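So you can see what is in the structure, the chains are spelled out below.
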Amino acid sequence: MTKGYFITLEGGEGAGKTTQIEHLREALIQEGHSVVVTREPGGTPAAETLRDLLSHEEFGPEWTPDAQALLVYAARSMHIADIIKPALAQGRIVICDRYVDSTRVYQGEVQHINPFFLQALEVQIIDDVMPDITFVLDIPSEETIKRIEERGGAKDHYDKASAAFHEKIRQGFLNIAEHETERCHIINAVQDEMKIAQEMRKKVIELMGGADA
Ligand code: TMP
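Attention here is on the structure that accompanies the text. Computed from a prediction, not measured in an experiment: that's the story for all the values here.

**Describing the pattern of salt bridges**
One pass over the structure, following the stated rule, counts 17 salt bridges. Of the charged contacts, one joins Arg104 and Glu122 as a salt bridge, the two residues approaching to 2.7 Å between their closest N and O atoms. Here the residue Arg104 occupies a position in helix H4 (residues 100-109), and Glu122 occupies one in helix H5 (residues 115-126), the gap between them amounting to 18 residues. For the pair Arg104 and Glu122, one class covers both residues: buried. Across the pair Arg183 and Glu180 runs a salt bridge, and its minimum N-O distance is 3.0 Å. Take Arg183: its relative accessible area is 7%, and that puts it in the buried class.

Here's what the structure looks like:
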């Protein structure tokens, strides 16, 4: 069976994931690949509705951590079934803005939900649909706050969070990356945009077995 390639980008707010996803998408298309770009929470119309609920101005801050995890995993279940699995089965490259590691960090590490509950959700919903490669875009929390301000201020309650919260998020991702070194690659996101793009492109092509870099 054809098997595609699954790439995820993770990191705190304002790390530049969207910009880098666009660079990577263009580079891989140029290499002749068929690429699907998607995001979480979301990626299907129904899952996007759940995303809106999670970041809802009034209700967003009200969800308990367990409820957040359930909403995220409800969205992920549909996203995997409708978008990710079919694209991978067709041999396409899927680039996803956030995935399992965001739940581990935002709901797991930061909000301390029961690790067995989170693990049960992972086992049931994700099964073997784990990324082939995950880029962790790392920026210091002061830089996160600066970037949120530069782009016009907080757009939801996550953006409004304190430097301590952003630092916890950062450490959560770094912790995962340090434990899953095969899959995760830490990228210094406070460097030239094109340099980051080149580094990521090189890594993906290398891991996919391409000659170039
Ligand atoms: P972003 O994609 O613009 O960064 O926004 C998505 C927000 O949702 C971000 O603040 C992180 C949060 N989130 C979770 O809390 N849990 C998750 O599992 C995912 C994928 C995202």
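Moving on, there is more to tell.
**Quick notes on the nonpolar core**
Judged by nonpolar contacts, the single largest core of 19 residues is most densely connected at Ile7, Leu9, Leu28, Ile95, Phe135, Leu137 and Met200. The set of elements that each furnish at least two residues to this core consists of strand E1 (5-11), helix H1 (17-30), strand E3 (93-97), strand E4 (133-138) and helix H8 (193-207). Contacts of Ile7, omitting those with residues within four sequence positions, involve Leu24, Leu28, Ile93, Val94, Ile95, Cys96, Ile133, Phe135 and Val204. Tyr73, Ile80, Ile84 and Val129 belong to the second largest nonpolar core, which has 17 residues in total.

**As for helix H6 (residues 141-150)**
All of the buried residues along H6 are Ser141, Glu143, Thr144 and Ile148. One face of H6 carries all of its buried residues, which in axial projection span an arc of 155°. Facing away from the buried side of H6 by over 90 degrees, the exposed positions are Glu142, Glu149 and Glu150. Buried positions along H6 lie against helix H7 (163-179). Where H6 ends, the next residue or the one after it, Gly152, has phi of about 105°, a positive value.

**Focus on the environment of Pro45**
Mapped onto the elements, Pro45 comes out in helix H2 (residues 45-54). Taking C-alpha positions, Pro45 is 34 Å from Lys195, a pair spaced 150 residues apart along the chain.

**Side note on the packing of helix H3 (residues 65-89) against H5**
The geometry of H3 relative to H5 is characterised by a closest axis approach of 10 Å and an angle of 10° between their N-to-C directions. In terms of orientation, H3 lies roughly parallel with respect to H5. Taking contact as the criterion, the partners of Asp66, Ala69, Leu70, Tyr73, Arg76, Ser77 and Ile80 in H3 are, on H5, Phe117, Leu118, Leu121, Glu122, Ile125 and Ile126. Counted by class, the contact of H3 with H5 contains nine nonpolar, one polar and three charged residues.

What counts and how
- Residues numbered from 1 in each chain as written.
- Predicted model: local features only at pLDDT ≥ 70, side-chain atom pairs only at ≥ 80, totals over all residues.
- Heavy atoms only, no water.
- Salt bridge = Lys/Arg side-chain N within 4 Å of Asp/Glu carboxyl O.
- Helix = DSSP H or I, 4+ residues; strand = E, 2+ residues; numbered from the N terminus.
- Buried < 20%, exposed > 50% of the residue type's maximum accessible area, 1.4 Å probe, protein only.
- Core = buried A, V, L, I, M, F, W, Y, C linked by side-chain atoms within 4.5 Å.
- Contact = heavy atoms within 4.5 Å.
- Arc of directions from axis to C-beta.
- Axes fitted to C-alpha atoms, helices over the stretch in contact; angles between N-to-C directions.
- Parallel < 35°, antiparallel > 145°, perpendicular 65-115°, else oblique.
- Nonpolar A, V, L, I, M, F, W, Y, C, P; charged D, E, K, R; others polar.

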